[in-house]
Amino acid sequence: MAPRGKKVLVTGNLPKAVLADLEREAEVTFHPEDRPMGRDELLGLVGDIDGLLAMITDHIDEELLDRAPLLRVVSNMAVGYNNIDVAAATRRGVLVTNTPGVLTEATADLAFALLLAAARRVVEGDRMVRQGRFRFWAPFLFLGTEVSGRTLGIVGMGRIGRAVAKRAAGFAMEILYYNRHRLDRETEEHYGARFCPLEDLLARADFVSLHVPLSDETRHLIDAKALALMKPTAFLINTSRGPVVDEKALVSALRRGVIAGAGLDVYEDEPRLAPGLAELENVVLLPHVGSATTETRTKMARLAARNLLAALRGETPPHPVNPEVLAKRSGKL
Ligand code: GLV
């Protein structure tokens, strides 16, 4: 009997050239739409697949993994992989991969776009002009908050946090950072960033920008208590994952003037918003588009495909999340 070809399921839309790369090496089923694949449809398609190229809207959990006995790799088209139960995948010998690096600059750009938009009331101003409410220039019309020379607190000084620091240097900002592990002195000097315990950072920063992965440690890292430590003139920017912030507490803080404003690209229960959030003027809201440039999404798709194909060939993919699976497999050989 001829050996069975590899089967791959792609749950989102990909550039044609990337799909063609996958199709050269596997039989591909894909979901050519810009809405998530429904849970039942997804569960119905995983029974005989070897590889899954997943989006962050797919929940890869025990139930799904149990229905996919042949699965060897889940390639997430994202740097964050909190949508995947990695421990459950590891237990079953399923490799998980992600796409770090290629989206760093685009995501840092968007964090800065939100920071500037919130501080200078860009979206509020746009609404006013469109509604025909701009009648004349006035000295106190639409006053915002100065960005240049202010203090930026970066929470999570990984690739994206560092890219945000580079941008902040161009705005002559003082840069404080908090990270699980302090960076070495040379790296701190390179980014002109000073390490600071989280409580101090929150109390001193004019802008707090979040760049941590979502984990049990970081869930609700910014809760009512943390928000209360921030200055009433300060802004919170979140381009990481929604559940890092207690969104209900944030709505209350924004409403009561505990902080001045926020710029959000991610939400606790995406795509739903906490009640009252959309009614607030002092918050800029984006639909999870941190990495959404044509260039970056193309690079992410290519890297996700490279990860997947390498894993199916039995090679080490560029970005394994649980490399212990590979070690175990080679140990068995
Ligand atoms: C997007 O949110 C990502 O994690 O890449």
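Coordinates for the structure precede this section.
Summary of the structure given here.

### Points about the pairing of strand 3 (residues 51–54)
Here comes step 1: With burial as the criterion, each face of strand 3 is covered, one bearing Gly51 and Leu53 and the other bearing Leu52 and Ala54.
Here comes step 2: Of the strand pairs in this sheet, strand 1 (residues 7–10) and strand 3 are connected by three bridges, and their pairing is parallel. Counted as the bridge partner of valine 8 is glycine 51 from strand 3.
Here comes step 3: With four bridges joining them, strand 3 and strand 4 (residues 73–76) adopt parallel strand pairing. Within the sheet, the bridge partner assigned to glycine 51 lies in strand 4 and is valine 73.

### Points about a nonpolar patch on the surface
Here comes step 1: There is a patch of nonpolar side chains on the surface, built from Val129, Phe134 and Leu141 and spanning about 260 Å² of accessible area.
Here comes step 2: The residue valine 129 is located in helix 6 (residues 122–130) in this model.

### Digging into unusual backbone geometry
Here comes step 1: Omega for the bond connecting glutamate 270 with proline 271 falls within 30 degrees of zero, at 0 degrees, which places this linkage in the cis form.
Here comes step 2: Looking at the element boundaries, proline 271 is found in the loop between strand 11 (261–264) and strand 12 (283–285).
Here comes step 3: For arginine 121, which is not glycine, the phi torsion reads 55 degrees and is therefore positive.
Here comes step 4: Take arginine 121: it is sitting in the loop between helix 5 (104–119) and helix 6.
Here comes step 5: Here arginine 121 falls in the partly exposed class, since its relative accessible area comes to 26%.
Here comes step 6: For histidine 288, which is not a glycine, the phi torsion comes out positive at approximately 50 degrees.
Here comes step 7: Within the secondary structure, histidine 288 sits in the loop between strand 12 and helix 12 (294–313).

### With respect to the sheet that holds strand 3
Here comes step 1: Here five strands make up an open sheet; going across it, the order is 2-1-3-4-5 and the pairing parallel. Every interior strand has two partners, whereas the edge strands, strand 2 (27–30) and strand 5 (95–97), have only one. Strand-to-strand twist in this sheet, taken as the mean axis angle between neighbours without regard to direction, amounts to 15 degrees.
Here comes step 2: Against the sheet, helix 1 (residues 16–25) engages strand 1, strand 2 and strand 3, with an angle of about 140 degrees to strand 2.

### Let's talk about the side chain of threonine 151
Here comes step 1: Assignment of secondary structure puts threonine 151 in strand 6 (residues 151–155).
Here comes step 2: Of the residues examined, threonine 151 reaches a relative accessible area of 11% and is grouped as buried.
Here comes step 3: Apart from residues no more than four positions distant in its own chain, threonine 151 is found in contact with Met173, Glu174, Leu176, Arg204, Ala205, Asp206 and Phe207.

### Considerations on the sheet that holds strand 10 (residues 235–238)
Here comes step 1: Read from one edge of the open sheet, seven strands run 8-7-6-9-10-11-12, paired in parallel fashion. Whereas interior strands pair on both sides, the edge strands pair on one side only; in this sheet they are strand 8 (193–195) and strand 12. Pairs of neighbouring strands in the sheet enclose a mean axial angle of 20 degrees, with direction left out of account.
Here comes step 2: For strand 7 (residues 174–178) and strand 8, the ladder comprises three bridges, and the chain directions are parallel. If you follow leucine 176 over to strand 8, its bridge partner there is arginine 194.

### What about the packing of aromatic side chains?
Here comes step 1: Enumeration over the complete set of coordinates arrives at four aromatic pairs.
Here comes step 2: Their ring planes at 70 degrees and their centres at 5.4 Å tell us that tyrosine 177 and phenylalanine 195 sit as a pair that is edge-to-face. Here tyrosine 177 is found in strand 7, whereas its partner phenylalanine 195 is found in strand 8, with 18 residues between them in sequence.
Here comes step 3: Among the aromatic residues, ring-to-ring pairing joins Tyr177, Tyr178 and Phe195 into one connected group.

### Some points on helix 7 (residues 159–170)
Here comes step 1: Helix length check: helix 7 (twelve residues) gives 18 Å between terminal C-alpha atoms against 16 Å at 1.5 Å per residue, within 8%.
Here comes step 2: Contacts from the buried residues of helix 7 go to helix 5, strand 6, strand 7 and helix 8 (185–191).
Here comes step 3: In the segment just after helix 7, alanine 172 is the residue with positive phi, at about 50 degrees.

### Some points on the packing of helix 1 against helix 12
Here comes step 1: At their nearest, the axes of helix 1 and helix 12 sit 9 Å apart, and the two run at 10 degrees to each other. Classified by the angle between their axes, helix 1 and helix 12 sit roughly parallel to one another. Contacts between helix 1 and helix 12 involve Val18, Asp21, Leu22 and Glu25 from the former and Ala301, Arg302, Ala305, Leu308, Leu309 and Arg313 from the latter.
Here comes step 2: Residue composition of the contact of helix 1 with helix 12, by class: six nonpolar, no polar and four charged.

### Here's the deal with the nonpolar core
Here comes step 1: Ranked by size, the top nonpolar core spans 33 residues in total, and within it Val208, Leu227, Leu236 and Leu250 carry the most contacts.
Here comes step 2: Secondary structure elements with two or more residues in this core: helix 9 (198–204), strand 9 (207–210), helix 10 (224–229), helix 11 (247–256) and strand 11.
Here comes step 3: The element best represented in this core is helix 11, accounting for five residues.
Here comes step 4: Those residues in contact with leucine 227, other than ones at most four positions away along the chain, are Ile222, Leu236, Ala249, Leu250, Ala253, Val258 and Ile259.
Here comes step 5: Ala111, Val164, Ala165 and Phe207 belong to the second largest nonpolar core, which has 26 residues in total.

Reading the values: rules and limits
- Residues numbered from 1 in each chain as written.
- Predicted model: local features only at pLDDT ≥ 70, side-chain atom pairs only at ≥ 80, totals over all residues.
- Heavy atoms only, no water.
- Buried < 20%, exposed > 50% of the residue type's maximum accessible area, 1.4 Å probe, protein only.
- Helix = DSSP H or I, 4+ residues; strand = E, 2+ residues; numbered from the N terminus.
- Pairing = 2+ DSSP bridges.
- Patch = residues over 30% accessible without salt bridge, like charges linked within 9 Å, V, L, I, M, F, W, Y side chains within 5 Å.
- Areas by Shrake-Rupley, 256 points an atom, 1.4 Å probe, with all protein chains shown as cover.
- Salt bridge = Lys/Arg side-chain N within 4 Å of Asp/Glu carboxyl O.
- Axes fitted to C-alpha atoms, helices over the stretch in contact; angles between N-to-C directions.
- Contact = heavy atoms within 4.5 Å.
- Phe/Tyr/Trp six-rings, centres within 6.5 Å; stacked < 30°, edge-to-face > 60°.
- Expected span 1.5 Å × (residues − 1).
- Parallel < 35°, antiparallel > 145°, perpendicular 65-115°, else oblique.
- Nonpolar A, V, L, I, M, F, W, Y, C, P; charged D, E, K, R; others polar.
- Core = buried A, V, L, I, M, F, W, Y, C linked by side-chain atoms within 4.5 Å.

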